[in-house]
Amino acid sequence: MSQLIYGRDGQVHFDSEEEKQIAIEYILHSPNVDFNIHENNQEQGAWGPEDRIHFRSEDGVPECLKRIMTAGNGSLYGRINCAEFCAEIRAIANNQNL
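This section reports on the structure supplied with the text. (Residues numbered from 1 in each chain as written. Predicted model: local features only at pLDDT ≥ 70, side-chain atom pairs only at ≥ 80, totals over all residues. Heavy atoms only, no water.)

Our next topic: the overall build of the protein chain. Scanning the protein chain for helices and strands turns up three helices and six strands. Each helix and strand of the protein chain, placed in order from N terminus to C terminus, yields the pattern β-β-α-β-β-α-β-β-α. A total of 98 residues make up the protein chain; the buried ones form 41% of that total. Partitioning the contacts of the protein chain with sequence separation of at least 6, the portion at a separation of at least 24 is 50%. Only carbon and sulfur atoms are counted for the fraction: they give 48% of the accessible area of the protein chain, which is about 5,900 Å². (Helix = DSSP H or I, 4+ residues; strand = E, 2+ residues; numbered from the N terminus. Buried < 20%, exposed > 50% of the residue type's maximum accessible area, 1.4 Å probe, protein only. Contact = heavy atoms within 4.5 Å. Areas by Shrake-Rupley, 256 points an atom, 1.4 Å probe, with all protein chains shown as cover.)

Only one face of strand 6 (residues 78-81) is covered, namely the face carrying G78 and I80; the face carrying R79 and N81 is uncovered. Relative to strand 6, strand 4 (residues 50-55) runs antiparallel, the two sharing four bridges. Bridge pairing in strand 6 links R52 to N81. Here strand 5 (residues 70-71) pairs with strand 6 via two bridges, running antiparallel. (Pairing = 2+ DSSP bridges.)

Further remarks concern the pattern of salt bridges. Across all of its chains, the model carries six salt bridges by this definition. For R67, the salt bridge is made with E19, and the minimal N-O distance between the two is 2.4 Å. Here the residue R67 occupies a position in the loop between helix 2 (63-66) and strand 5, and E19 occupies one in helix 1 (residues 17-29), the gap between them amounting to 48 residues. E58 is the salt-bridge partner of K66, the closest N and O atoms lying 3.1 Å from each other. Residue K66 is classed as partly exposed on the basis of its relative accessible area, which comes to 22%. Each of D15, E19 and R67 takes part in salt bridges that share partners, so that together they form one network. (Salt bridge = Lys/Arg side-chain N within 4 Å of Asp/Glu carboxyl O.)

Written as structure tokens, this is what we have:
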């Protein structure tokens with residue numbers, strides 16, 4: 001069984017391997033998602049840079065992702081902020097040549 005809980009505070013968590021696979025497939029293949037976001041937040045007074053996954057709209061987003069994302073802004077429906085999970089998504093994408 002693979003890892004189901006990510007982040008210092010467990011902010012990214014899945015109830016099952018099946019749920020995690022649904023989330024990964026959606027993130028990797030939906031045109032609604034950008035999983036290669038790096039924000040230099042330290043330039044705005046934050047602790048440091050952040051890796052994020054952005055969702056443009058609510059359309060088609062699985063419930064397992066909706067419950068772990070935080071609010072977006074005017075141009076985004078929501079986002080996931082967890083370097084550990086972002087790194088895993090990018091590694092999978094690189095292995096699949098996406």
